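Here is what each chain is made of, one letter per residue.
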Amino acid sequence: QKEVEQDPGPLSVPEGAIVSLNCTYSNSAFQYFMWYRQYSRKGPELLMYTYSSGNKEDGRFTAQVDKSSKYISLFIRDSQPSDSATYLCAMRSNNAGGTSYGKLTFGQGTILTVHP
Amino acid sequence: NAGVTQTPKFQVLKTGQSMTLQCAQDMNHNSMYWYRQDPGMGLRLIYYSASEGTTDKGEVPNGYNVSRLNKREFSLRLESAAPSQTSVYFCASSGGQSYNEQFFGPGTRLTVL
């Protein structure tokens, strides 16, 4: 079983819809949770990150972390065609000082298409 | 400020050939990473270098070697390419104020025939 599981989709929604993207994980040592966005034929870019449990909002995007359930979500409100991309969750432990500091574990990525 | 650069952008190899993928970053980051991305598999870590002078295996290191040439450059070598190594390869770096953000290069699309 993979440490991080993400439904690969694909997910197709109409413009203006609310999108929910999710990941589950098995490693209880993970403390930092990130969402990356990857446009076609480009490298991933960090969208937002959350430390430990809770919510974080940035414009139309909201990230949620439930450490008790080992479950993280990304919500996109009022989705736009420009949101069409692959969304990857990623996470890491707080291994300050260790040689693996900064090493991320990624989910498989969810392909999202928002059609006009 | 170019960020992370990778060369080449595309490459076609025959089985058994060797090649080196080059990566450089100009953000003074300590850590650098090599990933491969295959459909439905997400990003899988091949090797990483937490700091200049150190390298460690990731999830899928077999068939690859790396060199951290200096703080800026981290190369990935395929000694004897196999069709299973057909993939998109990404280099990334992180450091400075946050290790949560890895900065990725544009990728190298490699096909092994």
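Below or above, wherever it landed, is the structure these notes cover. Since the structure is predicted, the reported quantities are computational estimates derived from the model, not experimental observations. (Residues numbered from 1 in each chain as written. Chains lettered and ligands numbered in written order. Predicted model: local features only at pLDDT ≥ 70, side-chain atom pairs only at ≥ 80, totals over all residues. Heavy atoms only, no water.)

Overview of the side chain of Thr110 of chain A
Residue and element names in this part refer to chain A.
Now for step 1: Of note, Thr110 is situated in strand β11 (residues 110-115).
Now for step 2: Within the local environment of Thr110, its side chain forms a polar contact with the side chain of Gln6, the two groups lying 3.2 Å apart.
Now for step 3: A polar atom in the side chain of Thr110 sits 2.4 Å from the backbone oxygen of Asp7.
Now for step 4: Beyond its immediate stretch of four places on either side in the chain, Thr110 contacts Gln6, Asp7, Pro8, Gly9, Leu11, Leu21, Ala85, Thr86 and Tyr87. (Helix = DSSP H or I, 4+ residues; strand = E, 2+ residues; numbered from the N terminus. Polar contact = N/O pair within 3.5 Å; in protein donor to acceptor, adjacent residues only side chain to side chain. Contact = heavy atoms within 4.5 Å.)

Things to note about the sheet that holds strand β8 (residues 71-76) of chain A
Residues and elements named next belong to chain A.
Now for step 1: Ordered by their spatial adjacency, 5 strands build an open sheet running β1-β3-β8-β7-β6, and the pairing between neighbours is antiparallel. Whereas interior strands pair on both sides, the edge strands pair on one side only; in this sheet they are β1 (4-6) and β6 (54-58). Between one strand axis and the next, the sheet turns through 15 degrees on average, direction left out of account.
Now for step 2: Here β6 runs beside strand β7 (residues 61-66); their pairing, made up of 5 bridges, is antiparallel. By the bridge assignment, Lys56 is partnered in β7 with Ala63. (Pairing = 2+ DSSP bridges. Axes fitted to C-alpha atoms, helices over the stretch in contact; angles between N-to-C directions.)

Comments concerning the nonpolar core
Now for step 1: Core analysis: the largest hydrophobic core is formed by 24 residues, its most contacted members being Trp35, Ile72, Leu74, Tyr87 and Met91 of chain A.
Now for step 2: When contributions to this core are tallied by element, the ones reaching two or more residues are β3 (19-25), β4 (30-38), β5 (45-51), β7, β8, β9 (85-93) and β11 of chain A.
Now for step 3: Core analysis: the next-biggest nonpolar cluster, separate from the first, contains 19 residues, Met19, Leu21, Ile46 and Leu110 of chain B among them. (Core = buried A, V, L, I, M, F, W, Y, C linked by side-chain atoms within 4.5 Å. Buried < 20%, exposed > 50% of the residue type's maximum accessible area, 1.4 Å probe, protein only.)

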